[in-house]
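The chain contents come next:
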Amino acid sequence: MTEYDIAIIGGGPAGLAAAVSAYDNGVKNIIILERDERLGGILNQCIHNGFGLNRFKESLSGPEYADRFIKEVESREIEVRLNTMVLSLSKDKEITAINPQDGVFKIKAKAVILAMGCRERSKGALNIAGTRPAGIYSAGTAQKYVNLKGYLPGKNVVILGSGDIGLIMARRMSLEGAKVHAVFEIMPYSSGLKRNIVQCLNDFDIPLYLNHTIVKIEGKDRVSGIVAAEVDENRKPISGTEMHIDCDTVLFSVGLIPENELTLMAGIKLSQGTKGAIVYQNRETEVSGIFACGNVLQVHDLVDFVSEESEIAGKGAAEYVKAGAKEHKSIDIINGKNISYVLPQKIDTDIVEPVKLFFRVRNTFKNCTIKVLSGEREIIARKKKAAVPGEMETLILTKEVLSGINDNLTVVLEE
């Protein structure tokens, strides 16, 4: 068994940023375990620009953004093992992994950072009538075919779900010569960024049907068409509102699921809101010495936020290695009225640093106020012209705000 100070599972944007941060905070004996043949994760297939606007103040493609962090990792001579699948993770931070060069091997780490990312929800998770003809893809799979393999999955396309990947693929398929007939979204709002709705749908005259879903996929060997319908407030199809579209391809962009199998294996509790681990502000989970960051913790809309969060986890893991385990004296952060989740879910009151809260709202709101309450007492209030579920909100709790607070905090949105 090989011993390391920090083992990072996942070599995408989260794992790369966490590794650099841990190294720069004084811990050098680090290993990154990545199941793909190269570092960078999902960024490698995201050839569109728009990455890095917050962090680097310039518009980069996904591979360009990843390359900046890959070079930082290489310059620090951090050990990397590619084509490596992690098979198990224990509470004691023992990792079992496998790759073609080493076979099955074990690693013992003082701290572990989980950075496995997320996966797309598939058609199998949806109750849609029809058989299983060719021409049905997740939006991410279609993106990989077009951008990395040079294949066009279809020429007449319908997209279900207005997540960012689906919106971006509406534009990408159009640029490759396909006809995108429509994007259907079961919710009354889009789950994607506003800029993607404008640049990927409006600029290409692709209609977005809110409060609509696909109720049937037609075709035996290949998709031949779909039937979509409007839905009521309970998301049930309304009889008489059906529309038919001839198409040969259906793309699904219906949500992302954090890859938390290893998290659960280590006995770490998950949050119902994020579907990721419950963490303190340094991104340590409730299992001592195991940290989490990036899309395995919460699904981000911007990779810039992934990098920021992962640097917090990297620093937290480095401090854990240097100082050893400590008992947390904590308060809980509760998602209140109109808030779907808040992260971190716990604040260690012994860590005297500002805490940046990440959270999402449950619906679309205009001219609203976001408040943080300590019991019945209001400690922060911030007005916003608009808040939507597709865009992550942030709020900083300063050291002055946190000083002397012993009660749990609740984040609410008032209309």
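The notes below deal with the structure included here.

## Digging into the layout of surface pockets
And then number 1: Estimated volume of the second largest pocket: approximately 500 Å³.
And then number 2: Around the second largest pocket sit 22 residues that line it, and Gln281, Asn282, Glu319, Ile351 and Glu353 are the ones nearest its centre.
And then number 3: For the lining of the second largest pocket, the elements supplying multiple residues, two or more each, are helix H7 (303-323) and strand E21 (355-361).
And then number 4: At eight residues, H7 tops the list of elements feeding residues into the lining of the second largest pocket.
And then number 5: Among the residues making up the lining of the second largest pocket, the classes are represented as eight nonpolar, five polar and nine charged.

## So, a nonpolar patch on the surface
And then number 1: Together, Met85, Leu87, Ile98 and Val104 make up a nonpolar patch on the protein surface, roughly 330 Å² of accessible area in all.
And then number 2: In this fold, Leu87 is placed in strand E4 (residues 85-89).

## Quick look at the sheet that holds strand E13 (residues 225-230)
And then number 1: With antiparallel pairing, three strands are arranged side by side in an open sheet as E12-E13-E14. Single-partner strands in this sheet number two, and they are strand E12 (212-218) and strand E14 (243-246). Mean inter-strand twist for the sheet, computed between neighbouring axes without regard to direction, equals 25°.
And then number 2: Judged from the four bridges that link them, E13 and E14 form a sheet pairing that is antiparallel.

## Some points on the pairing of strand E9 (residues 156-160)
Side-chain positions along a regular strand alternate between the two faces of the sheet.
And then number 1: Among the five residues in E9, four count as buried, and that is most of the element.
And then number 2: One ladder, built from five bridges, connects E9 with strand E10 (residues 179-185); its direction is parallel. Considered in E10, the bridge of Leu160 is made with Phe184.
And then number 3: A crossover links E9 with its parallel partner E10, the connecting element being helix H4 (residues 164-175), and its sense is right-handed.
And then number 4: As defined by bridge partners, E9 adjoins strand E15 (residues 249-252) across four bridges and the pair is classed as parallel.

Calculation criteria
- Residues numbered from 1 in each chain as written.
- Predicted model: local features only at pLDDT ≥ 70, side-chain atom pairs only at ≥ 80, totals over all residues.
- Heavy atoms only, no water.
- 1 Å grid on protein atoms, 1.4 Å probe; cavity = no way out; pocket = protein on both sides within 12 Å on 5 of 7 lines; lining within 4 Å.
- Points joined across faces, edges and corners; volume = space filled by probe spheres on them.
- Helix = DSSP H or I, 4+ residues; strand = E, 2+ residues; numbered from the N terminus.
- Nonpolar A, V, L, I, M, F, W, Y, C, P; charged D, E, K, R; others polar.
- Patch = residues over 30% accessible without salt bridge, like charges linked within 9 Å, V, L, I, M, F, W, Y side chains within 5 Å.
- Areas by Shrake-Rupley, 256 points an atom, 1.4 Å probe, with all protein chains shown as cover.
- Salt bridge = Lys/Arg side-chain N within 4 Å of Asp/Glu carboxyl O.
- Pairing = 2+ DSSP bridges.
- Axes fitted to C-alpha atoms, helices over the stretch in contact; angles between N-to-C directions.
- Buried < 20%, exposed > 50% of the residue type's maximum accessible area, 1.4 Å probe, protein only.
- Right-handed = clockwise from strand over helix to strand, strands pointing away.

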